[in-house]
Protein chains: 2
Amino acid sequence: MTVTIKDVARLAGVSASSVCRALANPGGVRPDTREQVQRAVRELGYVPNRTARALSTGRTGNLGIVLPDLANPFFAGVVKAAQTRARALDHSVFLSDIDEDPAVETLLIRALLRQVDGFLLCSPRSSDEELRALHGKVPIVLLNRRLTPFPSVTLDAASGMTQALLHLHVLGHKRVAYVAGPRTSWANRERLRGLRSAAESRPIEVIEVGTAPPTVEGGAAMADVVLRTGVTAVLAFNDLTALGLLNRLRDRNFHVPEEISVIGFDGILLSSLVSPALTTIGVDMERIGQAGVDLLLETMADPAHPPAHRKLPTQLIVRSSTDVVRPH
Amino acid sequence: MTVTIKDVARLAGVSASSVCRALANPGGVRPDTREQVQRAVRELGYVPNRTARALSTGRTGNLGIVLPDLANPFFAGVVKAAQTRARALDHSVFLSDIDEDPAVETLLIRALLRQVDGFLLCSPRSSDEELRALHGKVPIVLLNRRLTPFPSVTLDAASGMTQALLHLHVLGHKRVAYVAGPRTSWANRERLRGLRSAAESRPIEVIEVGTAPPTVEGGAAMADVVLRTGVTAVLAFNDLTALGLLNRLRDRNFHVPEEISVIGFDGILLSSLVSPALTTIGVDMERIGQAGVDLLLETMADPAHPPAHRKLPTQLIVRSSTDVVRPH
DNA sequence: CGTCAGTCTGGAACCGTTTCCGGAATATTG
DNA sequence: CAATATTCCGGAAACGGTTCCAGACTGACG
């Protein structure tokens, strides 16, 4: 039924170990046996069984990617890039969508533990302790979260927020709201922190508004709260939230950007398609996914190596959802 | 380092085979040994090595999902649902994004062949022959493609197209364009067929317009071609394409829906957020992913069983991108 | 109490590959 | 040509489970 290394060995007239060597390091066998083996491999269409190899070597050639919500185009983009990169480096990818539920996160990880060589955790929602408990068991790279002793890929939220606030400042805004993301999100805290510190040196007041699931619905639900604060501009945790705001504001007959400016975060494709097109703090999802995989593979190659960190730039993309403050 | 079945066996004072039995079918061992084993398992935190199990049983507990483009929210939605369903049924998921490249599709499949118990192929781009060559090697369920002898989950495109055309008919449209998707897409052919057959019984002419990558850019690129045809309405292969059209038409100062009506396909969230909100033929992505996994698991359980087919309904969602024809 | 059926258990083989080890064959050197 | 160094190969063990098989034990029954 399925062709194994022994079939190849028999056909090539050599032993299984020679077949193995011929394939693993072709220099380790005589040219003629290598030729024999290769011919047999071709003839039988032999493909090594990676499961068996994994058992024997302890390396699976698989990566695990865990993320909060694949329906968020940001994560979809990151995963796509990561998967592509992983394949280029001859690795396959296990995908786990935890649906924003911190509880299943560590469970999922433990379930996949022995089936992967390492994990890429995208915006993990677990507590510091839970994550740390995993350290040493398996190589892990954190995306969108910084936590000793893990390597990580993060975004320069402070820079993005500074750019955004400068933009708003120039437009004359004095009071801005921040619609927060999940409490368990490190990126959320980081963005708020960046925003606050950017506001310190300017005559701008930042008002934090509740916490919303980082989705369109979540953003929509916060629109009324934002309006009640009387701010002239609002920054959202991410684009999805901003889009929800945009929509609900329109329903309320509030005009963006004339009456209120809106700024998102991520720069998903979608944000350029709505109208008014969303001003947002853009990031390079492709680079994030790619950097994550690269870092992970480095960590796997040398787990003892001190954890590396990559902080990727953010870039304010000014579109049509922000404008000067007008008296009314 | 890592705790194996032998460690459990030693601690429990039984043999490895008993541990195995105690875990696999608890009824097969005496209550007190079962208790011993369970205690040892808990104490050591033993988790069976699925790789080893796979080698021994031939079943991996993994599913492979292959799709053309994760950046398309339709596929992201389907994968999310499929992954969730798979986990509920105690299976993990390998993800492969082929980036719309038919060539890598079968390669990827073959690479994962022995690491999964079955494949869910979403809108596969390979030829009938290539796919058929895989039959018998591994259980496969096709999504968005019907091809003997595979089980499949498809959409009732004909119904959706009929609903759409009826809608346009009522609005007075006589000439409509169809912006095609990839040539290799079965769904594309099916949608066009459905559209044509729906048009037959009505005084409506359907003009097929080139083929575009099923993306926003692809749709945008086709806008001018559509305009040159002088149609009053255009149906796009999918929402992304429709969104691209919408955008480019706006750039050209063409008003939707006053001057031209636009209809999409899929009903991705995004389509409701743009303005004008897109009229589209909606599908239940969650159900698609779930049905796909269910079908696949049934097929895996009994490969000899005649292939099952699920044709899921489509539902026209009328929003603001369609309106009556106006003379000008 | 002996026999038998039935239950439970441990040992061993096996899944497909890798890797270590020792020996055979070949090449190198004096 | 003998002695030694080197290359190449096959056998066997190992990875961590599962499953078959045969034997030990239990209880029931005559």
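Quick look at the structure, then.

### Considerations on the relation of the copies chain B and chain A
Moving on, step 1. Mapping chain B onto chain A is achieved by rotating through 180 degrees and translating by 0.1 Å along the same axis, at an RMSD of 0.1 Å. On this basis, the relationship between the two copies can be described by a two-fold rotation axis.
Moving on, step 2. When you check the interface residues of chain B against chain A, 100% turn up at the interface there too, and the contact is symmetric in its surfaces.

### Re the packing of aromatic side chains
Moving on, step 1. Taken as a whole and judged by the stated rule, the model has 3 aromatic pairs over all chains.
Moving on, step 2. Residues Phe74(A) and Phe75(A) carry aromatic rings whose centres are separated by 5.2 Å and whose planes lie at 65 degrees to one another, so their mutual orientation is edge-to-face.
Moving on, step 3. Residue classification places Phe74(A) among the buried positions, given a relative accessible area of 5%.
Moving on, step 4. Residue Phe75(A) is classed as buried on the basis of its relative accessible area of 5%.
Moving on, step 5. Taking NZ or CZ as reference, Arg191(B) lies 3.7 Å from the ring centre of Phe265(B), over its face.

### Digging into the protein's contact with DNA strand C
Moving on, step 1. The environment of DNA strand C is made up of 23 residues, and the closest members are Ile5(A), Cys20(A), Ser56(A), Ser18(B) and Thr33(B).
Moving on, step 2. Protein-adjacent atoms of DNA strand C, using a 4 Å cutoff, are sugar or phosphate at a proportion of 67%.
Moving on, step 3. Take Ile5(A): an N or O atom from its main chain is 2.5 Å from a phosphate oxygen of DNA strand C.
Moving on, step 4. Of all elements in the fold, only helix H2 (16-24) and helix H4 (50-57) of chain A together with helix H2 (16-24) and helix H4 (50-57) of chain B reach the threshold of two or more residues within the surface near DNA strand C.
Moving on, step 5. The dominant element in the surface near DNA strand C, judged by the number of residues it contributes, is H4(A), at 4 residues.
Moving on, step 6. Looking at the surface near DNA strand C residue by residue, the class counts come to 9 nonpolar, 10 polar and 4 charged.

### Topic: the sheet that holds strand S7 (residues 205-211) of chain B
Residues and elements named next belong to chain B.
Moving on, step 1. Taken in spatial order, the 6 strands make up an open sheet running S7-S6-S8-S9-S10-S12, and their pairing is mixed. For this open sheet the edge positions go to S7 and strand S12 (315-317), each flanked by a neighbour on one side alone. Strand after strand, the sheet turns through a mean of 20 degrees between neighbouring axes, direction not considered.
Moving on, step 2. Relative to strand S10 (residues 279-282), strand S9 (residues 261-266) runs parallel, the two being bridged by 4 bridges. Bridge pairing in S10 places isoleucine 263 opposite threonine 279.
Moving on, step 3. On the sheet, helix H10 (residues 216-229) packs against strand S6 (175-180), S7 and strand S8 (233-236) and is oriented at approximately 150 degrees with respect to S7.
Moving on, step 4. In this fold helix H11 (residues 239-251) packs onto S6, S8, S9 and S10, with an angle of close to 155 degrees to the strand it touches most, S9.

### As for the pattern of salt bridges
All names here are of chain B.
Moving on, step 1. Inspection of every chain in the model, using the stated rule, returns 34 salt bridges over all chains.
Moving on, step 2. Taking the shortest distance from any N to any O, the salt bridge between aspartate 32 and arginine 30 comes out at 3.1 Å.
Moving on, step 3. Take aspartate 32: its relative accessible area is 43%, and that puts it in the partly exposed class.
Moving on, step 4. For arginine 30, a relative accessible area of 55% gives the class exposed.
Moving on, step 5. A salt bridge links aspartate 117 to arginine 59, with the shortest nitrogen-to-oxygen separation between them at 3.9 Å. Residue aspartate 117 is located in the loop between helix H6 (102-112) and strand S3 (118-122), and its partner arginine 59 is located in the loop between H4 and strand S1 (62-67); the two are separated by 58 residues in the primary sequence.
Moving on, step 6. Residue classification places aspartate 117 among the buried positions, given a relative accessible area of 10%.

### Topic: the packing of helix H1 (residues 5-12) of chain B against helix H3 (residues 31-44) of chain B
Residue and element names in this part refer to chain B.
Moving on, step 1. Viewed as axis vectors pointing N to C, H1 and H3 meet at an angle of 125 degrees, and their least axial separation amounts to 9 Å. As the angle between them shows, H1 and H3 are arranged oblique. In this structure, H1 meets H3 at a crossing whose hand is right-handed. Along the contact surface, H1 presents Asp7, Val8, Leu11 and Ala12, while H3 presents Gln36, Val37, Ala40, Val41, Glu43 and Leu44.
Moving on, step 2. Of the residues belonging to the contact of H1 with H3, the class tally is 7 nonpolar, 1 polar and 2 charged.

Cut-offs and rules
- Residues numbered from 1 in each chain as written.
- Chains lettered and ligands numbered in written order.
- Predicted model: local features only at pLDDT ≥ 70, side-chain atom pairs only at ≥ 80, totals over all residues.
- Heavy atoms only, no water.
- Least-squares fit on C-alpha atoms with pLDDT ≥ 70 in both.
- Contact = heavy atoms within 4.5 Å.
- Phe/Tyr/Trp six-rings, centres within 6.5 Å; stacked < 30°, edge-to-face > 60°.
- Buried < 20%, exposed > 50% of the residue type's maximum accessible area, 1.4 Å probe, protein only.
- Lys NZ or Arg CZ within 6 Å of the ring centre and 35° of its normal.
- Near = heavy atom within 4 Å.
- Polar contact = N/O pair within 3.5 Å; in protein donor to acceptor, adjacent residues only side chain to side chain.
- Helix = DSSP H or I, 4+ residues; strand = E, 2+ residues; numbered from the N terminus.
- Nonpolar A, V, L, I, M, F, W, Y, C, P; charged D, E, K, R; others polar.
- Pairing = 2+ DSSP bridges.
- Axes fitted to C-alpha atoms, helices over the stretch in contact; angles between N-to-C directions.
- Salt bridge = Lys/Arg side-chain N within 4 Å of Asp/Glu carboxyl O.
- Parallel < 35°, antiparallel > 145°, perpendicular 65-115°, else oblique.
- Left-handed = near helix turned anticlockwise from the far one by under 90°.

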